[in-house]
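# Commentary on secondary and tertiary structure
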There are 2 protein chains.
Amino acid sequence: MKKLLTLAVAALMCAGSASAQELANFNFGGRKQIVSPEIQGDSVTFRLNANYATVVNLYGSWLPGYGDKIEMQKGLDGVWEAKIALPEPEIYTYNFIVDGVSVNDPQNYMVQRDGTRYLNMLLVPGARTDAYKETAHRGTLAYKWYDSNILGINRRLTVYTPYGYEANPGKKYPVLYLLHGAGGDEEAWSSMGRAAQILDNLIEQGKAEPMIVVMPNGNPNQQAAQTMGLPTSDMDWRNPENRNSYVRSLCEEIVPFIEKNFRVIAKPEKRAIAGLSMGGGHTISASIMYPKLFDYICPLSAAGAATVEQLQALKKEGVKLYWVGCGKTDFLWEGNQKLIQSLKDAGLEHTFYVSEGGHIWANWRLYLQTFAPLLFK
Amino acid sequence: MKKLLTLAVAALMCAGSASAQELANFNFGGRKQIVSPEIQGDSVTFRLNANYATVVNLYGSWLPGYGDKIEMQKGLDGVWEAKIALPEPEIYTYNFIVDGVSVNDPQNYMVQRDGTRYLNMLLVPGARTDAYKETAHRGTLAYKWYDSNILGINRRLTVYTPYGYEANPGKKYPVLYLLHGAGGDEEAWSSMGRAAQILDNLIEQGKAEPMIVVMPNGNPNQQAAQTMGLPTSDMDWRNPENRNSYVRSLCEEIVPFIEKNFRVIAKPEKRAIAGLSMGGGHTISASIMYPKLFDYICPLSAAGAATVEQLQALKKEGVKLYWVGCGKTDFLWEGNQKLIQSLKDAGLEHTFYVSEGGHIWANWRLYLQTFAPLLFK
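Residues numbered from 1 in each chain as written. Chains lettered and ligands numbered in written order. Predicted model: local features only at pLDDT ≥ 70, side-chain atom pairs only at ≥ 80, totals over all residues. Heavy atoms only, no water.

### Looking at the overall build of chain A
Put simply, the rule reads: Helix and strand definitions follow DSSP, with helices as H or I runs of at least four residues and strands as E runs of at least two, each counted in order from the N terminus. To sort residues, take the accessible area from a 1.4 Å probe on protein chains only and compare it with the maximum for the residue type: under 20% means buried, over 50% means exposed, and anything in between is partly exposed. What makes two residues a contact is simply this: any of their non-hydrogen atoms within 4.5 Å.
On a plain count of helices and strands, chain A comes out with nine helices and 18 strands. Counting the 377 residues in chain A, one finds 62% classified as buried. For chain A, long-range pairs separated by at least 24 residues make up 72% of all intrachain contacts whose partners lie at least 6 apart in sequence.

### Comments concerning the pairing of strand S9 (residues 111-114) of chain B
Residue and element names in this part refer to chain B. Let me state the cut-off plainly: Two strands pair under a simple rule: DSSP has to find at least two bridges between them.
Neither face of S9 is open: one carries Val 111 and Arg 113, the other Gln 112 and Asp 114, and all of them are buried. For S9 and strand S10 (residues 117-124), the ladder comprises four bridges, and the chain directions are antiparallel. Its bridge partner lying in S10, Gln 112 is registered against Leu 119. Counting the residues in the hairpin turn of S9 and S10 gives two residues, including Gly 115, whose phi is positive at 65 degrees.

### Focus: the side chain of Arg 155 of chain B
Residues and elements named next belong to chain B. What counts, and what does not: Counted as positive: Lys and Arg. Counted as negative: Asp and Glu, with His and the chain ends omitted from the count. Salt bridges are defined as contacts in which a side-chain nitrogen from Lys or Arg sits within 4 Å of a carboxyl oxygen from Asp or Glu. Any pair of N or O atoms that falls within 3.5 Å is considered a polar contact. Within protein, one atom must be able to donate a hydrogen and the other to accept it, and sequence-neighbouring residues count only if both atoms are side-chain atoms.
On the secondary structure map, Arg 155 appears in strand S12 (residues 153-161). Look at Arg 155: it is buried, it has no salt bridge, and the nearest opposite charge is Glu 186 at 7.0 Å. At 2.7 Å, the side chain of Arg 155 forms a polar contact with the backbone oxygen of Asn 219. In terms of polar contacts, Arg 155 uses its side chain to reach the backbone carbonyl oxygen of Gln 222, at 2.9 Å. Setting aside chain neighbours within four positions, we find Arg 155 in contact with Lys 144, Trp 145, Tyr 146, Ser 148, Asn 217, Asn 219, Pro 220, Gln 222, Gln 223 and Tyr 246.

### So, the packing of helix H7 (residues 308-317) of chain B against helix H8 (residues 333-346) of chain B
Residue and element names in this part refer to chain B. As a reminder, the rule being used: Here an angle of 0 to 180 degrees is reported between the N-to-C directions of two axes, which are lines fitted to C-alpha atoms, with helices fitted over the stretch in contact. Oblique is the label for any angle not covered by the other classes, which are roughly parallel (under 35 degrees), roughly antiparallel (over 145) and roughly perpendicular (65 to 115). Two helices crossing with the near one rotated counterclockwise from the far one by less than a right angle form a left-handed crossing, whereas a clockwise rotation gives a right-handed crossing.
Two numbers describe how H7 lies on H8: the axes approach to 8 Å, and their chain directions differ by 55 degrees. In terms of orientation, H7 lies oblique with respect to H8. By crossing handedness, the relation of H7 to H8 is classed as right-handed. In this structure, H7 uses Val 308, Leu 311, Gln 312 and Lys 315 to contact H8, whose residues at the interface are Ser 342, Leu 343, Asp 345 and Ala 346.

### Notes on the pattern of salt bridges
All names here are of chain A. In this structure the tally under the stated criterion is 28 salt bridges over all chains. Across the pair Arg 113 and Glu 187 runs a salt bridge, and its minimum N-O distance is 2.6 Å. Placement of the pair is Arg 113 in strand S9 (residues 111-114) and Glu 187 in the loop between strand S13 (175-179) and helix H3 (188-191), with a sequence separation of 74 residues. Both residues of the pair, Arg 113 and Glu 187, count as buried. Each member of the salt-bridge network shares a partner with another, and the members are Arg 113, Arg 156, Asp 185, Glu 186 and Glu 187.

### Regarding helix H8 (residues 333-346) of chain A
Residues and elements named next belong to chain A. Just so we agree on the cut-off: In this analysis, the expected span of each helix is defined as 1.5 Å times one less than the number of residues it contains. Picture the helix axis, draw a direction to every C-beta atom, and the arc is the one those directions span.
In a regular helix each residue adds 1.5 Å, so 14 residues correspond to 20 Å; H8 covers 20 Å between its end C-alpha atoms and thus fits that length. Of the positions making up H8, those classed as buried are Asn 336, Leu 339, Ile 340, Ser 342, Leu 343 and Ala 346. Each buried residue of H8 lies within a common arc of 160 degrees when the element is viewed along its axis, so the set occupies one face. Exposed side chains of H8 directed beyond 90 degrees from the buried face belong to Glu 334, Lys 338 and Lys 344. In this fold, the buried residues of H8 make contact with helix H6 (278-289), strand S16 (296-300), helix H7 (308-317), strand S17 (321-327) and strand S18 (351-355). Count one or two residues on from H8 and you reach Gly 347, which has phi positive near 65 degrees.

### Details of the nonpolar core
Put simply, the rule reads: Among buried residues, those of type Ala, Val, Leu, Ile, Met, Phe, Trp, Tyr and Cys that are joined through side-chain atoms within 4.5 Å constitute a nonpolar core.
Residues Phe 46 and Trp 62 of chain A together with Phe 46 and Trp 62 of chain B are the most contacted members of the largest nonpolar core, which totals 44 residues. Apart from residues lying up to four places away in sequence, Phe 46 of chain B is in contact with Ser 36, Pro 37, Leu 58, Trp 62, Met 72, Trp 80, Glu 81, Ala 82, Ile 84, Tyr 94, Phe 96 and Leu 122 of chain B. In this structure, Phe 262, Leu 293, Ile 297 and Leu 311 of chain B belong to the second largest nonpolar core, which totals 40 residues.

### Some points on the sheet that holds strand S6 (residues 79-85) of chain A
All names here are of chain A. Read from one edge of the open sheet, four strands run S1-S2-S6-S5, paired in antiparallel fashion. Since the sheet does not close on itself, it has two edges, and those belong to strand S1 (38-40) and strand S5 (73-74), each with one partner. By the bridge criterion, seven bridges tie strand S2 (residues 43-49) to S6 in an arrangement that is antiparallel. Each bridged residue has a counterpart across the sheet, and for Ser 43 the counterpart in S6 is Ala 85.

### Overview of the packing of aromatic side chains
This is how the line gets drawn: The rule is short: rings of Phe, Tyr and Trp, with Trp giving its six-membered ring, pair when the centres are within 6.5 Å, and they are stacked under 30 degrees, edge-to-face over 60, tilted in between.
The final tally for this structure, using the stated rule, is 33 aromatic pairs over all chains. Ring geometry for Tyr 94 of chain A and Phe 96 of chain A: centres 5.9 Å apart, planes at 65 degrees, overall edge-to-face. The exposure classification of Tyr 94 of chain A matches that of Phe 96 of chain A, with both residues buried. Centroid distance Trp 323 of chain B to Phe 371 of chain B: 5.5 Å. Interplanar angle 55 degrees. Geometry classified as tilted.

### Here we look at the environment of Ile 254 of chain B
All names here are of chain B. Examined against the element boundaries, Ile 254 turns out to sit in helix H5 (residues 240-261). Among the residues examined, Ile 254 registers a relative accessible area of 0% and is labelled buried. With 31 residues separating them in the primary sequence, Ile 254 and Ser 285 have C-alpha atoms 15 Å apart. Apart from residues lying up to four places away in sequence, Ile 254 is in contact with Tyr 146, Leu 157, Tyr 177, Val 214, Pro 216 and Ser 249.

### Digging into unusual backbone geometry
Each neighbour pair has its own omega, and for Ser 36 of chain A with Pro 37 of chain A the value is -10 degrees, a cis peptide bond. Position of Pro 37 of chain A among the secondary structure elements: in the loop between helix H1 (2-13) and S1.

### Quick notes on the sheet that holds strand S1 (residues 38-40) of chain B
All names here are of chain B. Spatially, S1-S2-S6-S5 is the arrangement adopted by the four strands of the open sheet, whose pairing is antiparallel. The open sheet has two free edges, formed respectively by S1 and strand S5 (73-74), since each of these has just one partner strand. In this sheet, strand S6 (residues 79-85) lies alongside S5 in antiparallel orientation, the contact comprising two bridges. Its bridge partner lying in S6, Gln 73 is registered against Glu 81.

### Quick look at the environment of Thr 135 of chain A
All names here are of chain A. For Thr 135, the position within the fold is in the loop between helix H2 (127-130) and strand S11 (140-148). Its relative accessible area of 9% is what places Thr 135 among the buried residues. Spatially, the C-alpha atoms of Thr 135 and Ile 198 are 9.2 Å apart, while their sequence positions differ by 63 residues. For Thr 135, the residues in contact, after removing those within four places along its chain, are Asp 200, Asn 201 and Glu 204.

### Brief notes about the side chain of Asn 104 of chain A
Position of Asn 104 of chain A among the secondary structure elements: in the loop between strand S8 (101-103) and S9. Polar contacts involving the side chain of Asn 104 of chain A include one to the main-chain carbonyl oxygen of Tyr 118 of chain A, which spans 3.2 Å. At 3.1 Å, the side chain of Asn 104 of chain A and the side chain of Asn 120 of chain A are in polar contact. Beyond its immediate stretch of four places on either side in the chain, Asn 104 of chain A contacts Tyr 94, Asn 95, Phe 96, Tyr 118, Leu 119 and Asn 120 of chain A together with Asn 104 of chain B.

### Structural notes on helix H5 (residues 240-261) of chain A
What counts, and what does not: One axis is fitted to the seven residues ending at the residue and one to the seven starting there. The bend at that residue is the angle between these axes.
With 22 residues, H5 of chain A ought to run about 32 Å at 1.5 Å a step, and its terminal C-alpha atoms sit 30 Å apart, in line with that. Remark: the principal bend of H5 of chain A, roughly 35 degrees, maps to Leu 250 of chain A.

### Looking at the packing of helix H4 (residues 195-204) of chain A against helix H9 (residues 361-371) of chain A
A pair of packed helices can be characterised by two numbers: the angle between their axes and the separation between those axes. Residues and elements named next belong to chain A. What counts, and what does not: Amino acids are sorted into nonpolar (Ala, Val, Leu, Ile, Met, Phe, Trp, Tyr, Cys and Pro), charged (Asp, Glu, Lys and Arg) and polar (every other residue, Gly among them).
Between H4 and H9, the shortest axis-to-axis distance is 10 Å and the interhelical angle comes to 30 degrees. Regarding the angle of H4 to H9, the classification is roughly parallel. Both H4 and H9 take part in a crossing whose hand is right-handed. Residues Ala 195, Ile 198, Leu 199 and Leu 202 of H4 touch H9, and the partners they reach there are Arg 365, Leu 368 and Gln 369. In terms of residue class, the contact of H4 with H9 is built from five nonpolar, one polar and one charged.

Written as structure tokens, this is what we have:
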């Protein structure tokens, strides 16, 4: 046995050249000469080997303003560096701009797709980010397809089932429908939102009910993210009627699909809906168009509005939780103020959770951690 | 309703600035000025806006030799271009090197992670690539966790269940264990390998038996790819004993885990194992260490070997298919020749499928399409 495996290893080790694509991943050839990003005490250093570059800038989501950047300094060895004070614990995204060209950090393979863009990730560890980390008991993420007759296409959605779902075949679960924003897709909440890790942690600590989380694709013109063979619909997602059709598909097709294929408690008091930005608009629309469907409604940094009459009609059907989250510097702050005023005028009991910062994933992860423990209680 | 949605849309459309991260994905600000890659007739053009760059090279997996590149030409508008003859239909990866710095194509959001590297994808359509495209009936991809006492960690694996798995609760399925190579992980076959699409197509066309495909993580020191909170084991994957431990975990822990949690036919004649490169070594090892477990054995561009005695012992237990695939220019060609000779000397009936090219995903996708129809018949 040992001999056989030694042979195998030998074959691997001698394979630095040729078309040994996969082996390039072991950084034979010294891609590990520099470390980036490097956290040391209360600072973090970013490095990029770009000997022929003239200007290298660092863009990071911890910087307050849109377009803010840090100018990196070139060392004699051709390695550009930027050493900054460690931002507070959180997951941040960053990238380099080398003479005007966007570059990912070749030393950091933690990358996330934000719609059409790829950004490196920086995890600053701390109490805040423990909630994003893998815990001992982990649920399952599944990518499933459902037929939408309303949109006329077969579409993909992501489903989180909590730890123990398979081991307890008799148990039925409540469901949270968790919607992404404009530019996102069915992978946004599970990647940038860390939804699976956040739920795993809350459930393991007994802070949240074990629940199924459904993360659909909110772009009515899209069957799924990053497919290669699917015809792109020419349906314009900006058209209100099409957005309307998506909300109908969510409530009339996705909810029944989930309740048919998973062990769920199919009652309003065991259904929650939450969404960010455009998905907050979808959340508001769904709750108004289908007032009997969801007892828990959480618009986050929502791009949406509702009239007092609509909210009064919703109130009549019974609402267990109406939870609005928004950041003080969010560009949608004013719209959210209007929503709160309408809720007051409608006499619909609600929570307005105000955070620092703006229209960023750090807030949406925080909101999920904050409202999830309030669901289905 | 319409009014409400119009408001929502208005809120979105006015949001070009501030920290509207997600909205940047709509390329407000003209990221769509140029198109890349652009397929026109029998050519494809790559473009990169890099006005201040001195040398821009294009690296692509269609180029025959390791390190082969195409020099791009700069236009007056600062856009670098390379127009090349369209390679034959296949999925290729490419990236730009701008003054020595690796850059992904900002116009092409089709990107795949190959271990620690991110590479753009180019799909050249044709009969060859139809097999990679989403078809009408699609299976489910699920990321599940299993406990490995042998490796002392909780680990993630990817499971494909075919279309109809949920709709036919009485039906049991055969299982293919599909192993990645060195530098890969539990996401390699489902992303670069297009395993789900290939199986969806073969099954829909009646060419392959509906089957479950299990894609584990073959790095014994790794719990899963791209986790943020999991401690990295200091176990050296190159150590033969550790590789040995992984093969034991595969056969003594993963197989029982799958047979407990999915509706499978738990018999040797309904179990297949296949793997590429290092995973081909794992495939050979597993078949020798557990000769009663798998009746279908497919080492692909394998980094592994077996003695005549080991293969004779395997033959005694009964083998329905021993299918070896390798490319003519693969750096492991010689080792595969040795394997074939040992199979001959052992009198173990086998197929040696020889393809053009080397140690590349185009071959591994081709091999999967070729041997999958032979399984469980």
